[in-house]
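Here's the letter readout for the chains.
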Amino acid sequence: VVKIKQTSQVNVPHGKITSQGVSYEKGKEKKVVSNSGKKIFYVAVLFIVSFFVFGNSVNNGYVMDDLMVFQKNTFVQQGFAGIPSLWRTPHLAGFMTSPNETYRPLSLVLFAIEYQIAGNNASVAHFFNVLFFAACVIVFFLFLSRLMEPRRLLVAFVAALLFAVHPVHTEVVSNIKSSDELLCFFFGFLALWFWLRFHSQGGVAAFAAGLVSLFLAFLSKETVITLALLVPLIFGFFSKGSPQRRLWIFAGAAFVSFCYLGLRHWVLVTTHNIAQPVSPIDNFLAAAPGFTVRFATVMVILGHYLRLVLFPYPLVCDYSAHSIPFSDPGDPEAWIALFVYVSLAFWAFFRFRRNKADFWALGIVFYLVTLSIVSNLFFLVGSAMNERFLFFPSAGICIVLAMMAERWMIGRTESGWFGKPVLWVVLAPILLFSGKYAAARNLDWKDNYTLYSTDLAKYPRNARLQYCVGYELVANGKDLLSKGLVPPNPTAEGISHLRTACLLQPGYAVAETELGSAFFVAGQYDSSLVHNLLAYRINPNDPVVNNSIAGAYFVKKQYPQALYYCRAAIRINPEYANALKNEGLCFYNMAMYDSAIVYFKHALAISDQYPEVHKFIANSWEQLGRTDSASNYRNRLQIK
């Protein structure tokens with residue numbers, strides 16, 4: 001036997017774990033498999049697999065919420081100049097004022113940098129999403145490889161590989177907006193990795209890097225607080241190191257959490273007075289008729305989550321109203337889900353009692369804790385259900401699946417780089433099927449119409465998907481028709497979908513408004529007015545609704561009524577350029593040319609999107625006998 005210099009070693013059934021790797025005796029030969037070499041190889045494989053599965057999303061465009069956080073976000077569209085505003089405002093302040101707001105500036109800062117470099121280039125943004133996802137997979141593997149014993153390096157690799165090809169991650173990767181989820185995961189696990197190093201080896205730099213990483217994770221998305229709650233479990237039971245350093249880690253996680261929560265409160269509550277109510281349109285659980293119905297429905301949703309993380313089919317971009325009906329307390333599906341979740345919790349508890357460093361139990365607890373904050377079990381969040389909510393919890397299930405592979409296919413002693421052949425006989429078909437399904441699902445996120453129409457076929461009673469398909473048909477019907485994607489009359493088809501949305505979800509103000517706009521485009525002005533007035537009853541303080549009513553009255557030549565609703569829209573939003581322009585048109589058609597000029601000029605001062613307004617100003621001056629001013633404005637119109 002050749003003697004190899006070692007700094008430490010631990011006896012295992014068929015070999016020895018050393019600081020260099022795992023050594024195995026075979027006759028009179030001893031071979032050493034370097035853990036560092038295997039790690040580098042595994043990292044390379046994970047990076048390639050991540051890009052191979054999700055790389056085709058780079059060809060997609062902007063979809064869903066990408067408009068709000070990137071393409072139409074005024075702060076992001078300023079590039080570097082908009083970054084200071086992003087640090088001190090709510091998440092969607094650059095696009096809209098919303099009562100249900102969050103504070104997640106880091107992803108928006110990233111978008112501002114991307115815009116400064118590449119402009120509104122969706123492919124660049126998608127590329128960064130795929131890159132960040134690959135980084136998430138790698139840092140998850142590095143965390144597990146440091147947390148687990150050296151002989152479990154292959155187990156850590158299998159867990160990360162399953163995470164890399166999981167189809168439920170397509171929403172997070174293919175939706176540019178979900179960079180917040182990717183950055184949160186990456187910096188959260190990076191913080192844990194730094195602190196594992198600090199716990200075992202010490203070093204102020206590693207501790208400080210963990211603090212900074214965790215704070216960046218909070219700035220990405222507040223749900224990382226569940227990861228901070230798991231710090232005592234991870235470093236109390238699994239990580240081996242100095243007790244004094246463990247206390248420093250506990251204190252550091254608590255300090256960063258309180259700092260972020262204080263900053264969040266200052267931005268949202270103190271500075272911007274955000275109340276954060278939850279709308280039934282966003283989360284239908286807000287309209288649940290009683291606690292028992294809400295609880296039963298939440299349990300059914302939790303059952304859907306567990307099914308999706310184990311059997312991710314079908315995948316849908318939206319699970320709002322009527323995708324999942326309300327459940328009564330006698331629903332067997334709710335009771336089955338409750339039984340399964342309670343059983344998982346007790347199973348993890350008893351495994352921890354037997355072995356405090358049990359990775360089966362860690363995977364289950366990780367799934368339960370990270371899912372709890374978005375489960376609607378303890379408080380309502382902005383949505384009843386979303387696939388992106390499974391991004392963190394799915395990591396826990398991947399740990400459990402990897403431990404199953406260790407028990408039945410890998411064994412307690414890893415030989416070579418890939419373990420026993422039976423592992424890959426079982427794992428390869430799962431990986432190939434999952435990767436192929438994820439890559440195919442990425443293509444559904446190509447554009448809004450493709451995504452919404454594909455998913456509507458799976459959930460035809462989803463009111464929001466009906467609305468989204470109707471909106472796309474009305475707003476972009478000509479473009480879709482030129483590509484051969486829609487029927488010959490997209491506006492009529494869109495009206496049908498919008499009507500269905502309003503029937504499925506009474507009180508759906510946005511759908512009523514859009515239905516009014518669709519009838520306006522179709523020239524059915526009476527129907528347009530009816531639906532806009534229905535939207536007004538639901539939300540009289542919406543400036544868009546008031547302006548739409550004004551438009552319907554205007555084309556009916558009922559100018560005093562149109563003027564009333566224009567003024568209401570401007571009173572709600574004094575910087576609403578389109579309403580100001582419409583008020584000017586009302587005065588113009590009422591032959592009140594001096595007032596028309598005032599409102600036309602005000603509209604132009606806010607927005608330059610209405611060059612035709614110069615013509616009306618010139619005509620107004622001419623009607624007032626000011627031919628010199630009329631000529632001036634006609635010249636300006638010719639220049640434009």
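Anything mentioned here points back to the structure above.
Residues numbered from 1 in each chain as written. Predicted model: local features only at pLDDT ≥ 70, side-chain atom pairs only at ≥ 80, totals over all residues. Heavy atoms only, no water.

Q: Where do I start with the overall build of the protein in this structure?
A: Looking only at helices and strands, the protein has 29 helices and four strands in total. Taking the principal axes of its C-alpha atoms as reference, the protein extends roughly 110 × 55 × 45 Å. For the protein, buried positions account for 53% of its 640 residues. Partitioning the contacts of the protein with sequence separation of at least 6, the portion at a separation of at least 24 is 68%. Counting only carbon and sulfur atoms, one obtains 62% of the accessible surface of the protein, whose full area is about 28400 Å². Considering the protein, the positive charge centre built from 53 side chains and the negative charge centre built from 37 side chains are found 12 Å apart. (Helix = DSSP H or I, 4+ residues; strand = E, 2+ residues; numbered from the N terminus. Buried < 20%, exposed > 50% of the residue type's maximum accessible area, 1.4 Å probe, protein only. Contact = heavy atoms within 4.5 Å. Areas by Shrake-Rupley, 256 points an atom, 1.4 Å probe, with all protein chains shown as cover. Lys, Arg positive; Asp, Glu negative; His and termini not counted. Charge placed at Lys NZ, Arg CZ, Asp CG, Glu CD.)

Q: Just checking my understanding: could you explain the environment of alanine 569 for this structure?
A: You can see alanine 569 is positioned in helix α25 (residues 559–572). According to the relative accessible area criterion, alanine 569 is buried, its value standing at 0%. In contact with alanine 569, not counting residues within four places along its chain, are Pro543, Asn546, Asn547, Tyr576 and Ala579.

Q: How should unusual backbone geometry be read in this particular structure?
A: Most peptide bonds take the trans configuration, and most residues that are not glycine carry a negative phi. For the bond from tyrosine 313 to proline 314, the omega torsion is -10°, close enough to zero to count as cis. As for its position among the elements, proline 314 is in the loop between α13 (291–310) and α14 (332–354). One non-glycine residue with positive phi stands out, namely methionine 64, at about 50°. Summarising the element assignment, methionine 64 is placed in the loop between α1 (35–54) and α2 (66–71). Positive phi is not limited to glycine here, since asparagine 376 has a value of about 65°.

Q: How should the packing of helix α21 (residues 490–504) against helix α22 (residues 509–521) be read in this particular structure?
A: Angle between the axes and distance between the axes: these two values describe a pair of packed helices. As a packed pair, α21 and α22 sit with axes 9 Å apart at the nearest point and diverge in direction by 155°. Comparing their axes, α22 and α21 come out roughly antiparallel. Between α21 and α22 lies a crossing of left-handed hand. The residues of α22 that touch α21, namely those facing Thr491, Ile495, Leu498, Arg499, Ala501 and Cys502, are Ala511, Glu512, Glu514, Leu515, Ala518, Phe519 and Val521. Among the residues making up the contact of α21 with α22, the classes are represented as nine nonpolar, one polar and three charged. (Axes fitted to C-alpha atoms, helices over the stretch in contact; angles between N-to-C directions. Parallel < 35°, antiparallel > 145°, perpendicular 65-115°, else oblique. Left-handed = near helix turned anticlockwise from the far one by under 90°. Nonpolar A, V, L, I, M, F, W, Y, C, P; charged D, E, K, R; others polar.)

Q: When you look at the pattern of salt bridges in this model, what are you seeing that I'm missing?
A: Close approach of charged atoms allows side chains of opposite charge to pair. A complete count under the given rule lists 15 salt bridges for this structure. Here aspartate 180 and arginine 104 are joined by a salt bridge, their closest N and O atoms 3.3 Å apart. With aspartate 180 in helix α8 (residues 179–201) and arginine 104 in the loop between α3 (83–87) and α4 (105–118), this pair connects stretches of sequence that are 76 residues apart. In terms of burial, aspartate 180 and arginine 104 fall into one category: buried. (Salt bridge = Lys/Arg side-chain N within 4 Å of Asp/Glu carboxyl O.)

Q: Explain α4 to me, please; I cannot follow it from the model alone.
A: Residues spaced three or four apart along an α-helix face the same direction, because each turn holds 3.6 residues. An ideal rise of 1.5 Å per residue puts 20 Å on 14 residues; α4 measures up with 20 Å between its terminal C-alpha atoms. Taken together, the buried positions of α4 are Pro105, Leu106, Ser107, Leu108, Val109, Leu110, Phe111, Ala112 and Glu114. Glycine 119, located one to two residues past α4, shows a positive phi value of around 70°. (Expected span 1.5 Å × (residues − 1).)

Q: Looking at this structure, how should I read the packing of aromatic side chains?
A: Each pair of aromatic rings is reported with the distance of its centres and the angle of its planes. Inspection of every chain in the model, using the stated rule, returns 56 aromatic pairs. Both rings, one in phenylalanine 238 and one in phenylalanine 359, keep their centres 5.0 Å apart while their planes meet at 55°; by these two values the pair is tilted. Taken together, the positions of phenylalanine 238 in helix α11 (residues 231–238) and phenylalanine 359 in helix α15 (residues 359–372) put the pair 121 residues apart, joining distant regions of the chain. Among the aromatic residues, those joined into a cluster by ring pairs are Phe54, Phe133, Phe140, Phe143, Phe163, Phe185, Phe189, Phe366, Phe391 and Phe392. (Phe/Tyr/Trp six-rings, centres within 6.5 Å; stacked < 30°, edge-to-face > 60°.)

Q: How do you make sense of empty space enclosed by the protein when you look at a structure like this?
A: The method is simple in principle: a probe with the dimensions of a water molecule rolls over the atoms, and the space it marks as empty is what remains. The final tally for this structure, using the stated rule, is three cavities of 30 Å³ or more. Every residue along the wall of the largest cavity is listed here: Glu181, Lys221, Thr223, Thr226, Thr370, Ile373, Val374, Phe389, Phe392 and Pro393. Grouping the amino acids of the lining of the largest cavity by side-chain chemistry returns five nonpolar, three polar and two charged. (1 Å grid on protein atoms, 1.4 Å probe; cavity = no way out; pocket = protein on both sides within 12 Å on 5 of 7 lines; lining within 4 Å. Points joined across faces, edges and corners; volume = space filled by probe spheres on them.)

Q: Quick question: what am I supposed to make of the side chain of threonine 226 here?
A: As for its position among the elements, threonine 226 is in helix α10 (residues 225–229). Polar side-chain contacts of threonine 226 include one of 2.9 Å to the backbone oxygen of threonine 223. Apart from the residues lying within four places of it in its own chain, the contact partners of threonine 226 are Val369, Thr370, Ser372 and Ile373. (Polar contact = N/O pair within 3.5 Å; in protein donor to acceptor, adjacent residues only side chain to side chain.)

Q: Looking at this structure, I do not really get helix α24 (residues 543–555). What am I missing?
A: The first and last C-alpha atoms of α24 sit 19 Å apart over 13 residues, in line with the 18 Å expected at 1.5 Å per residue. Within α24, ten of the 13 residues are buried, which leaves the element mostly enclosed by the surrounding structure. Listed as buried for α24 are Pro543, Val545, Asn546, Asn547, Ser548, Ile549, Ala550, Gly551, Ala552 and Tyr553. The elements touched by buried residues of α24 are α22, α23 (525–538), α25 and α26 (577–589). With a side-chain oxygen lying 2.9 Å from the backbone nitrogen of valine 544, the N-terminal cap of α24 falls on aspartate 542. Of the residues flanking the end of α24, it is lysine 557, one or two places downstream, whose phi is positive at about 65°.

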